[in-house]
Amino acid sequence: KKSAELALLAQMDVRAIALTENKDPADIILADTLSWKASVVSASPIIEYMVNAIHNHYPDERAFGLQVTNQVLPLLVYIQNKIDQAFFVRLIASRLKVPEESVWQQLAKVHIQGSSVETNETKQIEKEARIVIIIKSLLGMQRVAEEHKGEINEVLIFTNTNVPEYASVIEP
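All of these numbers come straight from a predicted model, not from anything done at the bench. (Residues numbered from 1 in each chain as written. Predicted model: local features only at pLDDT ≥ 70, side-chain atom pairs only at ≥ 80, totals over all residues. Heavy atoms only, no water.)

Q: Can you lay out unusual backbone geometry for me, pointing to particular residues and giving the numbers?
A: In this structure, lysine 97 takes a positive phi of about 60° despite not being glycine. Position of lysine 97 among the secondary structure elements: in the loop between helix 7 (82-96) and helix 8 (100-113). (Helix = DSSP H or I, 4+ residues; strand = E, 2+ residues; numbered from the N terminus.)

Q: Got a sec to walk through the layout of surface pockets? Specific residues and values, please.
A: Rolling a probe over the atoms, with the probe sized like a water molecule, indicates the empty space that remains. Of the voids in this model, the second largest pocket is the one considered here, and its volume is about 350 Å³. In this structure, the second largest pocket is lined by 16 residues; those nearest its centre are Glu61, Gly65, Leu66, Leu96 and Val98. Taken together, the elements giving at least two residues each to the lining of the second largest pocket come down to helix 5 (61-71), helix 7 and helix 8. Looking at which element gives the most residues to the lining of the second largest pocket, the answer is helix 5, with six residues. A breakdown of the residues in the lining of the second largest pocket according to their chemical character gives seven nonpolar, five polar and four charged. (1 Å grid on protein atoms, 1.4 Å probe; cavity = no way out; pocket = protein on both sides within 12 Å on 5 of 7 lines; lining within 4 Å. Points joined across faces, edges and corners; volume = space filled by probe spheres on them. Nonpolar A, V, L, I, M, F, W, Y, C, P; charged D, E, K, R; others polar.)

Q: Describe in detail the nonpolar core, supporting the description with residues and values.
A: A general trend in soluble globular proteins is that nonpolar side chains are found buried together. Of all hydrophobic cores here, the largest spans 29 residues; its most connected members are Ile47, Val72, Leu76 and Ile92. Going through the elements one at a time, helix 1 (2-9), helix 4 (46-57), helix 5, helix 6 (73-76), helix 7 and helix 8 are the ones with two or more residues in this core. Per element, the largest residue contribution to this core is six residues, and it comes from helix 7. Apart from residues no more than four positions distant in its own chain, isoleucine 47 is found in contact with Val72, Leu75, Leu76, Ile79, Phe88 and Ile92. (Core = buried A, V, L, I, M, F, W, Y, C linked by side-chain atoms within 4.5 Å. Buried < 20%, exposed > 50% of the residue type's maximum accessible area, 1.4 Å probe, protein only. Contact = heavy atoms within 4.5 Å.)

Q: Describe in detail the side chain of glutamine 67, supporting the description with residues and values.
A: By secondary structure assignment, the location of glutamine 67 is in helix 5. For glutamine 67, a relative accessible area of 19% puts it in the buried group. If near-sequence neighbours (up to four positions away) are discounted, glutamine 67 is found in contact with Ile54, Tyr58 and Val72.

Q: An account of the pattern of salt bridges is needed here, citing residue identities and associated values.
A: A full pass over the atoms with the stated rule returns two salt bridges. Here aspartate 13 ties to arginine 15 by a salt bridge, and the two come within 3.0 Å at their closest N and O atoms. Between lysine 97 and glutamate 61 there is a salt bridge, with the nearest N and O atoms lying 3.9 Å from each other. With a gap of 36 residues between them, lysine 97 in the loop between helix 7 and helix 8 and glutamate 61 in helix 5 connect regions that are remote in the sequence. (Salt bridge = Lys/Arg side-chain N within 4 Å of Asp/Glu carboxyl O.)

Below, the structure written as structure tokens:
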């Protein structure tokens, strides 16, 4: 859940794959690469995946609704894009057979209930998300630099203003 929160906060498209076999994903990939690729392409958004998984475990409508309220709605708070958030509110309302307004009202309560704790927690999560993004970017740049050693003379760097700056690559 923590990983999903960080990724959603970083505005990533978080998706999930249901593993039918009780195997490590690496073993599944080695056994059948084509099936794995198909699974990745058809992966469900994490919110939709969780709603479906909860419904499979809680066929009783009320229990299903309570579990979605407790497990899924808190994740919606981390989705920054309001259009994307509205898409999932509509999906949840449809699955729960309740008006969208009820889901929006409950979502507002989730945010308000944790506001004093959530402010500090959200700041920490935002900080961790930025660190994860920076590390992934640096590792990606390092990998590219290693693959093309001697070929790269300059690197395009994007700042938070989205204005590219040029920087020379320092050869070791």
